[in-house]
Amino acid sequence: MQSGPMFAKDTIAVVASNKLAVSAAVSKAKSLGFRPLVLGSHIEGDALEVGTVMAGIAKSLRKDEIPLKPPVAVICGGETTMTLPPKPGVGGRNQALVLRAMKEIDGLKDVCILSGGTDGGDGPGNDAAGAVVTGGDYQQAMKADLDYNAALAGADSYNFFKAYEEAVFGRTNVMHLRDGPTGTNVMDIIVILVQ
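Rules used in this analysis
Residues numbered from 1 in each chain as written. Predicted model: local features only at pLDDT ≥ 70, side-chain atom pairs only at ≥ 80, totals over all residues. Heavy atoms only, no water. Salt bridge = Lys/Arg side-chain N within 4 Å of Asp/Glu carboxyl O. Helix = DSSP H or I, 4+ residues; strand = E, 2+ residues; numbered from the N terminus. Buried < 20%, exposed > 50% of the residue type's maximum accessible area, 1.4 Å probe, protein only. Pairing = 2+ DSSP bridges. Core = buried A, V, L, I, M, F, W, Y, C linked by side-chain atoms within 4.5 Å. Contact = heavy atoms within 4.5 Å.

Peer 1: Which residues make up the pattern of salt bridges, and what values do they have?
Peer 2: Within the structure shown, the criterion is met by five salt bridges. Close ionic contact of Arg-93 with Asp-188 constitutes a salt bridge, the shortest N to O distance being 2.7 Å. Remark: Asp-188 occurs in strand E6 (residues 188–194) and Arg-93 occurs in helix H3 (residues 93–104); sequence separation between them is 95 residues. Where salt bridges share partners, they join Glu-79, Arg-93 and Asp-188 into one cluster.

Peer 1: Break down the pairing of E6 for me, with residues and values.
Peer 2: With respect to burial, E6 is a largely interior element, six of its seven residues being buried. In this structure, strand E3 (residues 111–117) lies alongside E6, joined through seven bridges in antiparallel fashion. Residue pairing across strands places Leu-114 opposite Val-191, the latter belonging to E6.

Peer 1: Would you mind going over the nonpolar core in detail, with residue names and values included?
Peer 2: Counting 34 residues, the largest nonpolar core has Leu-99, Met-102, Ile-105, Ile-113, Phe-160 and Phe-161 as its most contacted members. Looking at this core, the element that brings in the most residues is helix H2 (residues 47–64), giving six residues. Contact partners of Ile-105, with chain neighbours within four places excluded, come to Ala-55, Ala-58, Val-111, Ile-113, Val-133, Thr-134 and Gly-135. Counting eight residues, the second largest nonpolar core, distinct from the first, contains Ala-29, Ile-75, Ile-189 and Val-191.

Peer 1: Can you lay out the pairing of strand E4 (residues 130–134) for me, pointing to particular residues and giving the numbers?
Peer 2: Relative to E4, E3 is paired through five bridges, and the arrangement is antiparallel. For Ile-113, the partnering residue across the bridge sits in E4 and is Val-133. Summarising the sheet, E4 and strand E5 (residues 176–177) pair through two bridges and their orientation is antiparallel. Along E5, the bridge assignment pairs Ala-131 with His-176.

Peer 1: I'd like a description of unusual backbone geometry, backed by residues and values.
Peer 2: Of note, the bond from Ile-66 into Pro-67 is cis; its omega dihedral lies within 30 degrees of zero at 5 degrees. Look at the link from Pro-70 to Pro-71: it is a cis peptide, with omega at 10 degrees. Relative to the assigned elements, Pro-71 resides in the loop between H2 and strand E2 (72–78). One non-glycine residue, Glu-65, lies in the positive phi region at around 55 degrees. For Glu-65, the location among the structural elements is in the loop between H2 and E2. The exposure class assigned to Glu-65 is partly exposed, which follows from its relative accessible area of 41%. The backbone of Asn-173 sits at a positive phi, close to 70 degrees, despite the residue not being glycine. Structurally, the position occupied by Asn-173 is in the loop between helix H6 (157–169) and E5.

Put into structure tokens, the structure is as follows:
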């Protein structure tokens, strides 16, 4: 922050932050009848590992009702990272996180996991901000003969979800989050819904 007489009348105000985005998600979850469980706004680490952790939380909620009895909305924010292979496919950290979680939550009824960038983008070369999956999506992908492991290893989550949408729904724009550029960036939001 600048100091000195020329800055004496300046006002500095934070008008957007990940904490505020998480708070807005909490309000929406409550309005939809979910009990919110906030994990914070500083989630970091490898996107694939965070995806596994988020899936583990979903399993605990669905199978054991720990730490809360559903309906629960687990909400957190932050920004993960990815280690890319030599020739990566298309898709960013949010889509990769959700793709990893997809297999881990396989078979869990009334569970979904969403991860998205608040700026409206998720990696270069694609129009998605993130993705969302349910506990039934992995089996549908296998029935559609999609190569989950190759997409995960090749950092090609965008094309995997696009192929999934076309095979299962006959159209795109089902799994991907597409709101376009938001004009701000307060990192990412992750939401787990357990009905």
